[in-house]
Amino acid sequence: MEAETMIPAPILPEHYAHLAGEPELVEAWDQEVRLRQAEAAKLGMLLAYRSRKLQTHRDQHAFARAAVEKAVVRDAAIILSATESSARRLLTSAEFLQKKLPRTWVACGAGSMDFGRARRVAQAAEDIAHRDDLLPILDEEVIQKAPAMNLAEVDQWVKQRIPELDAEAYNSRCERARAKRYVAFTHHDDGMTKIDALVPTVSVASLERELWSSARKQTDESAEGDRTFTQRMADEFTSRLQRGTTEQREAERDLQQPAPVNAKISILVTADTLAGRSNAPALSEDKSYVLPASDVRRIARDPRATHEWFASGTTSGPDGEEQITSVVPLGTGYPSNGWDEVSAWERSVNALSKTSQARFVTGQLREAILIRDRTCRADGCTRPAWAADVDHKTPHEQGGKTAPENIWALCRAHHIMKSHGLLPFPGHDPPEGDLPGRVLEHESNESG
Ligand SMILES: [Zn+2]
C-alpha cells in the first residue's frame, strides 16, 4: 500500500527524546505502540466483519440489510463489552477514517497515532465529509502533525483547521448551532441549582476571563482567604447574574445586537476578514474557541466596545509551524484604512523586539508575550497564556533579562516543575531550578 511508506515510524516523538534514557519509559512506550496497533487491528476486523455480513445479504431488501447492520453492531458490542450505541459510534468513526482519511487510518495501524486522537479528527471532519478536495489535505496534515500532539492539542488544532479549510460550511454550522440556544435550571434538594446553558460564544467569551481575573485578584488581596478559587469564581458569576442591567438584558434579547463586551477578550483575525473580503473565521488568542467572521466583524465595529488593536506577523518556525514573531500595538481606533502601513511599522515598533529594565513583565511587552505564546509553553499544555504566569526562563536575579527571548508563559503547575528543574523544553537544556519557594511569588499574572 502506497500510503504505508509515508507514515513516520512510531518512534518516541523528537521532543520527548530526553526520555529515551529512562528504561521503564522506553518499555512503556513500546507497549503503548503495540496497544495502538492492536486497537486499530481490532477495529479493522470489526469493519471487515460488517462488510462480509452486508456482502452476504447484498441482494436482500433494505429493511433486511438494516437489520443485519444492527446485528453486526450488537455482535461488535459483545466482543468489545460495550453498549450497542458506543459500539455503533466506534464503528462509524473507524469507517470514516478508513474511507475518508485513509492515511490517518494507516497511521493508527502503524501505531504512530492512537485511535482516540484519530477519532477526534474524524468527528471534527464531518463538516467537510463531502469535500473530496479537502479531505486529502486534512489527511496529510494529520499524519504530519498529530503524532506529536496530545489529545487536547489535536482537539484545539482541528477546531481551528477545519473552519479554515471550509469557512462556508463552518459558518452555516454556526447558524444552525445558534438556533439551539437554551438555558435550563435544575434545582437540587440541597439548596443549590445547576445552570446549564448553550449560548453564543461571542456573548460570553469575556465572562470566563472576567470571572477568572476577578477571582484571582481576590486571592492577591487575600481579603477572603477561606474561599477556594472555584468558589470565588462561582460567587462572582452569581453576583453578575444578579446585577445585569435592564439595558443589557434588552440588548441580549436581540442577538443581532448583543450587549457590549465588558471584559477583555483577545482574538486573532485576518485583515481580510475584518474588511469583509473573506469569511475566514477568527480564533481566540488562547486557541480555545473559534468565532464566525460575522461575529468578529460585529464586535470590531461595535461603538460601545473599547478595542485595542495589535498587528501580528508570523514566520515559519523550524518545525514548519507558523510562529508569531512580531506584535505591533496599533492603538484603539478601528483600522479601516491603516492596514497597509502595518508592515512598514513592524520593524520599528515590534513589541517583541523590546527589552525592559524592569523585573516584572507589564504593559505592551506582557500583551505581546501573551499574543505570541497563546498557551502555556510547556510541551502539550493547552492552558491559556492569560491564565498562566509570565516567567523569566533565566530568573531575573540570576541575570535573566526581561526580554521576549527570556520570557514565556507557563501555567502554575508547569512553573512549579520548572522551578524544581523538572521541565525540559525543546531547544534548551533542562533548566536549573530557580530558588524553590521564592520564584512563584515574584511574578503575578495580573497586569493590574
Ligand atoms: Zn502548562
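These numbers were taken from a predicted model, which means no experiment stands behind them.

For the protein chain, the count of helices and strands is 16 helices and 9 strands. Looking at the protein chain residue by residue over its 448 residues, the buried ones come to 26%.

Bringing the nonpolar core into the picture now. In this structure, Leu101 and Val121 are the most contacted members of the largest nonpolar core, which totals 33 residues. Secondary-structure elements contributing two or more residues to this core are helix H1 (23–56), helix H2 (62–80), helix H3 (84–100), helix H4 (102–110), helix H5 (115–124), helix H6 (135–145) and helix H7 (151–165). For this core, the leading source of residues is H3, giving 6 residues. Non-local contacts of Leu101, meaning those with residues more than four positions away in its chain, are made with Val121, Ala122, Ala125, Leu135, Leu138, Asp139 and Val142. The next biggest cluster of nonpolar side chains, apart from the first, holds 23 residues, and it includes Phe310, Val328, Leu410 and Cys411.

This paragraph deals with the pairing of strand E9 (residues 407–410). Residues Ile407 and Ala409 point to one face of E9 and Trp408 and Leu410 to the other, with burial holding for every one of them. Examined bridge by bridge, strand E8 (residues 389–392) and E9 share 4 bridges and lie antiparallel to one another. Bridged to His392 within E9 is Ile407.

It is worth spelling out the sheet that holds strand E5 (residues 290–291) at this point. Spatially, 3 strands are ordered E3-E4-E5 in an open sheet, and the strand pairing comes out antiparallel. Because the sheet does not close on itself, it has two edges, and the strands there are strand E3 (267–268) and E5. Pairing geometry for E3 and strand E4 (residues 282–284), over 2 bridges, is antiparallel. Looking at E4, one finds that Ile267 is bridged to Ser284.

It is at 7 Å that the axes of H4 and H6 come closest, and there the two elements cross at 25°. Taken as axis vectors, H4 and H6 run roughly parallel relative to one another. Contacts between H4 and H6 pair Pro102, Arg103, Thr104 and Ala107 from the former with Asp139, Glu140, Val142 and Ile143 from the latter. Per-class residue counts for the contact of H4 with H6 are 4 nonpolar, 1 polar and 3 charged.

Bringing H6 into the picture now. Regarding H6, the residues found buried are Leu138, Asp139, Val142 and Ile143. The buried residues of H6 occupy an angular sector of 130° when the element is viewed end-on, so they sit on one face. Turning to H6, the residues buried within the fold contact H4, H5 and H7.

What counts and what doesn't
- Residues numbered from 1 in each chain as written.
- Predicted model: local features only at pLDDT ≥ 70, side-chain atom pairs only at ≥ 80, totals over all residues.
- Helix = DSSP H or I, 4+ residues; strand = E, 2+ residues; numbered from the N terminus.
- Buried ≥ 20, exposed ≤ 12 C-beta atoms within 10 Å, placed from the backbone.
- Core = buried A, V, L, I, M, F, W, Y, C linked by C-beta atoms within 7 Å.
- Contact = placed C-beta atoms within 7 Å.
- Pairing = 2+ DSSP bridges.
- Axes fitted to C-alpha atoms, helices over the stretch in contact; angles between N-to-C directions.
- Parallel < 35°, antiparallel > 145°, perpendicular 65-115°, else oblique.
- Nonpolar A, V, L, I, M, F, W, Y, C, P; charged D, E, K, R; others polar.
- Arc of directions from axis to C-beta.

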